[in-house]
Amino acid sequence: MTYSIEPIEAEAHCDGPCGVYDPASARIAAEAVQSMTTKMLALECPDTTNSASMAAYLNTMGRYATIKEDEAQKCKDELLILWSDFFKPNHLDSIPNLHDIFWNAAKLCSACKVEVSSAHAQELIDACEEIHNIFWAAKGLEVPWIRAS
Amino acid sequence: MLDTPNQTCPIIVNGDSMWPTICDGDQVVCEVGYYESTKPRVGDVVLCIHPLKPSVRVIKRISQIHSGARVFLKGDNPDPIATTDSHAFGLVAREQLLGRILISPKS
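If you're wondering where the values come from, they're calculated on a predicted model, not measured in any experiment.

### Describing the overall build of chain A
Secondary structure assignment for chain A yields 4 helices and 1 strand. Taken from the N to the C terminus, the helices and strands of chain A come in the order β-α-α-α-α. Its C-alpha atoms give chain A principal-axis dimensions of roughly 90 × 25 × 25 Å. Within chain A, buried positions represent 26% of all 149 residues. For chain A, contacts bridging at least 24 residues in sequence account for 71% of all contacts bridging at least 6.

### Brief notes about the interface of chain B and chain A
Taken together, the contact between chain B and chain A spans 29 residues of the former and 17 residues of the latter. Taken together, the elements giving at least two residues each to the side of chain B that touches chain A come down to β1 (7-14) and β4 (53-66) of chain B. For the side of chain B that touches chain A, the element with the highest residue contribution is β1 of chain B, accounting for 6 residues. In terms of strand pairing, strand β1 (residues 8-11) of chain A meets β1 of chain B through 4 bridges, oriented parallel. Residue pairing across strands places Ala10 of chain A opposite Val13 of chain B, the latter belonging to β1 of chain B.

What counts and what doesn't
- Residues numbered from 1 in each chain as written.
- Chains lettered and ligands numbered in written order.
- Predicted model: local features only at pLDDT ≥ 70, side-chain atom pairs only at ≥ 80, totals over all residues.
- Helix = DSSP H or I, 4+ residues; strand = E, 2+ residues; numbered from the N terminus.
- Buried ≥ 20, exposed ≤ 12 C-beta atoms within 10 Å, placed from the backbone.
- Contact = placed C-beta atoms within 7 Å.
- Pairing = 2+ DSSP bridges.

As far as function goes, none of this settles anything; it's purely spatial.
Here's what the structure looks like:
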């Protein structure tokens, strides 16, 4: 059907305070998790009879673990925001495994908190890269995957 | 052109709140002034003035009709954060309904 009058526009969207999303936040946190995991695995245990060395070692290891814990939780929080707020039911048409992608990524965040696993830390990075790709594809933009570390 | 009743007007829709019935960028047709002579019905998709933003026109579906011919509007998108509707801006008076949207089956 053709019309002699120009179409006008009408809104059918959400007025909520949303709209600014970027998977970079999750990626940075995941990189911090991987960095702390690497540092924890590389930290050499000193002579256990040297109290000063042991104190420094335990302090450093404790700080690494705390940062790893915090960043893994931050990564999970950022992923869940993307999952629940940015992605909508209509995205399932083009990304039918969307829920599995986020479920697995969130579980990797938990695994990285529980363990000191370089394998799971890398899997978390890979999951964030996959989410980076589907996120920008959903927005119709080509944004390269770049790591800070 | 929306001041002229009994006229059809093409509308370009921005947003996904009416997905899957109407997708972002779809063009639909509005029967302007339809509710001046016809009572609103549950299920109708309508073009109306945003109750809190008079310069904005929105497209939603009538889900309930209350006393005083006020209607409760909802988006079709099942995601509650994908639509701003009567959950946020309340009931809409019949006078604010600019027209009925004609929905053609998707191919």
